[in-house]
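Structural overview for review
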Amino acid sequence: MTEKTFRLLEFDAIKKRVAECALSAEAAKNILDDVPRTQAAETEELKSRVKEILRLMRESSNEKRETFPEIGFLFPKLETEGAVLDIDEVYALGVFINRSENLLRWLGDKSPGDKYSDAPDCSVAEKEIFKVLDRQGKLRDLPEFREIENRIRRLNRDLETIGSRYGADEEKRSMLQSSLPSQRDGRLVLAVKANYRGRIRGIVHEVSSTGQTVFVEPEESVEINNELLIERRRLDAEIQRVLRQLSGRLAEHREDMEALHQKIIFIEGIRARARYGFETVGCFAEGGTAEGGAPVQKIVLKKARHPLLGSTAVPLDIEMDAAIRTVIITGPNTGGKTVALKTLGLLAMMNQFGLPLPVDEGTALPVFDGVYADIGDEQSLSQSLSTFSAHMTNIAAIIGAATSRSLVLLDELGSGTDPEEGSAIAMAILDHLIEKSVRAVITTHQGILKNYGYTREGVENASMEFDRRTLSPTFRIIMGIPGESRALEIAARNGLAMELVQKARHYLADERSDVSALISGLKEKRRELDAAAMHSEAEEKRLREERRQADLKELRLRQKELTLKSGGVGSLKHLLEESRKTLENLVREVKEGELSREKTLKVKDFLNSLAESAAAEEADLEREEAALTAALKEDRQQQQMEQETHTLTLGPGQAVLAGDFKRRGTILRAGKNGAWVVEIGSLRMTMDEKELIPIKISEEEKKPLISQADLAGGPAAVFELNLLGQRESEALESLRRQLDAAILSGLHEFSVVHGKGDGILQKAVHEFLKVQPQVADYYFSRPELGGFGRTEVLLKS
């Protein structure tokens, strides 16, 4: 794969979007430098890692989105003996280790058989760092600094006393431009009016640009300034000594920290891919190996959308089994042929980059050793290349590099020159690609290539559908049928005079064969076959479901019958056995002696007991029969409910189960492009028809509902709360109302913009959030979203 192909298919734009999902600048750079895998095993391993983290994101809400500082440049520095890291560098190492532990903990807690448990433990290095620094990156109040810092504070107080003495003296204050002293080079100075500079003895440090102000260091503060300078140098030296010792201890853990850094940057590259899939709601393509270990060869795109076109993308369906090596796409200009090529090529590279794709389930893609494309006009004036020459230069390079595992995409093959010669060259190129078993998809307007597609084994025609009623393309691909260019219709639609179009039709009718009529007939036949296939598939699905329900019902009845029989037979056997033993004993007693009144009563008691047992068994059987009747009635009611649900149709006022979580909602009105506007609680959202399941509601449930938002009576929750310009009390009240509104409306995440400034509002916001029981977590935003001036808030679900 070449940089030129990346540029033609806009793969670099995809990599940039993935890199923006990374929480590490170093991981983002690696993503931008990375290329698609070319081996099936490597691709599947990468995709399996991305799938696992994407699953965690979708199932878990406690992922910490913390940015990782850059630390890779510090390891060569630590390797140098005697090197000293500054405070910011040491703090960056500590933060990286701490956030790495959080990420690994999240992966380990949520992922059984964690693949990342082999990361080295750097907690000792982290403890060393935060013995010297606090969690905000400031030096702790260590004993080594305390005596020096106290002396610096005393000297500063002495200087302040001297400065305030000059400001308090009315006579001397009149000699000053400002009653407040300032500093020059770290030394206290007074802003003296130029005409009074001889009245205040001291050292002149600077004169203003206008010459009206002289900055004088009073002589009584000279010695104090000198002592202060000395103490500051002592403090700097002491800090350097502590940092030198700390750097030496960290150097002992350099290999572990470097290994952890590499591991986390790799994981963050995987997590960025998963985050991209999470945000785009992508689906992974099937691939790897089929049964028997053979690599997957078929190409199947289900409802594939170009990832850079957004909501304007028209879904494409493309299918090439292993026997089809070449597809020739024909059809009208602006019909979407080039977009189809770019979509296929871009999705193939995204698949091998480990990314979820904007496709439906059932999509399958092989792993190609190269994706090569010749798309667009490569005319070059500087190199004296015409359009045709540029295409041939590019195609020659592609033919030389492509193998049986490559994907080749050629746009407008054979164009830019004489049609007859261009068609001959195009067929020769296709012959060569077919001989090499290269997978190729080409677009063309050359009519002879349509016949080529019918006569060559392993080649299939396809076309871009054209709506005759609107005289416009539908951007759908129809496999198996060539398309017409529709140049005359498109020319008329774009403003060409009708008399010119009619004249063109006259010229065309003289020379044109009935190929267009044949193609039109084939298309109509294809539509009929598609409609019949869809009807047959739906009918088959319905019959399978009915058969499944009938089989299930029969199975339940047989199980019940078997249970009743086995229970009844067992009880009867037990009764007969006990009765037989009792009767034998009575007979033996009668034979052994005379028939007495006592023995007669015993026989009567036995017969009464036998009758009672038979009655009890009969009652048990009646209960079992009643239970079976109730079960059958419940089964019929369930089938009736399913039939009623099946007959319900979507429309305003219809109750539905919406989305993946089947939340109860009500349709308000029809939206655009076949979608519906649905109210779920206090939220209204537009959802696709296939995401909605109609349900039947009782008469009581049909009464008008009052949403939580109506009951609240307050402002609606927002995704970003801006507190800039508000006083602390006003800001906290706004934040309290936002929390209430978010809880009522079901909003689980929002951001608060408080700015940086002196950090007063920032601190107040964090103190407020810390004590709120509804808040699950809060943290500063990523640097590009506001950094320390903005806080992300997560509420408990």
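As a starting point, this report considers the structure included with it. The shown structure was predicted, so the numbers you read here are calculated from the model rather than taken from an experiment.

Analysis parameters
Residues numbered from 1 in each chain as written. Predicted model: local features only at pLDDT ≥ 70, side-chain atom pairs only at ≥ 80, totals over all residues. Heavy atoms only, no water. Helix = DSSP H or I, 4+ residues; strand = E, 2+ residues; numbered from the N terminus. Polar contact = N/O pair within 3.5 Å; in protein donor to acceptor, adjacent residues only side chain to side chain. Contact = heavy atoms within 4.5 Å. Pairing = 2+ DSSP bridges. Axes fitted to C-alpha atoms, helices over the stretch in contact; angles between N-to-C directions. Expected span 1.5 Å × (residues − 1). Buried < 20%, exposed > 50% of the residue type's maximum accessible area, 1.4 Å probe, protein only. 1 Å grid on protein atoms, 1.4 Å probe; cavity = no way out; pocket = protein on both sides within 12 Å on 5 of 7 lines; lining within 4 Å. Points joined across faces, edges and corners; volume = space filled by probe spheres on them. Nonpolar A, V, L, I, M, F, W, Y, C, P; charged D, E, K, R; others polar.

Considering the side chain of Glu792
Mapped onto the elements, Glu792 comes out in strand E21 (residues 790-795). At a separation of 2.7 Å, a polar atom in the side chain of Glu792 contacts the side chain of Ser781. Polar side-chain contacts of Glu792 include one of 3.1 Å to the side chain of Arg790. If we ignore the near neighbours within four places in the chain, the residues touching Glu792 are Glu749, Phe750, Ser751, Asp777, Tyr778, Tyr779 and Ser781.

Describing the sheet that holds strand E20 (residues 775-780)
If you walk across this open sheet you meet the four strands as E18-E19-E21-E20, and the pairing is mixed. The sheet terminates laterally at strand E18 (720-722) and E20, the two strands that pair on one side only. In this sheet, neighbouring strand axes are inclined to one another by 20 degrees on average, regardless of whether the strands run parallel or antiparallel. With five bridges joining them, E20 and E21 adopt antiparallel strand pairing. Bridge pairing in E21 links Asp777 to Leu794. Its contacts with the sheet put helix H21 (residues 728-745) on E18, strand E19 (749-753), E20 and E21, and the angle it makes with E19 is roughly 165 degrees. Sheet contacts for helix H22 (residues 760-770): E19, E20 and E21; angle to E20, the most-contacted strand, approximately 160 degrees.

A word on helix H4 (residues 40-59)
Residues that lie three or four places apart on an α-helix share one face, since the helix turns once every 3.6 residues. The terminal C-alpha atoms of H4 lie 28 Å apart, and with 20 residues this matches the ideal 28 Å at 1.5 Å per residue to within 8%. Within the span of H4, buried status applies to Thr43, Leu46, Lys47, Arg49, Val50, Ile53, Leu54, Leu56 and Met57.

Quick notes on the layout of surface pockets
As a volume, the second largest pocket reaches approximately 1,300 Å³. Every residue lining the second largest pocket is counted, 36 residues in all, and those nearest its centre are Tyr91, Val95, Arg99, Phe780 and Phe788. Among the elements of the structure, helix H3 (25-33), helix H6 (87-110), H22 and E20 are those that each provide at least two residues to the lining of the second largest pocket. Split into classes, the residues belonging to the lining of the second largest pocket amount to 16 nonpolar, nine polar and 11 charged.

Digging into the environment of Glu219
Within the secondary structure, Glu219 sits in helix H10 (residues 219-251). Of the residues examined, Glu219 reaches a relative accessible area of 46% and is grouped as partly exposed. Put simply, Glu219 and Gly202 are 17 residues apart on the chain and 4.4 Å apart in space, counted from C-alpha to C-alpha. Non-local contacts of Glu219, meaning those with residues more than four positions away in its chain, are made with Arg201 and Gly202.

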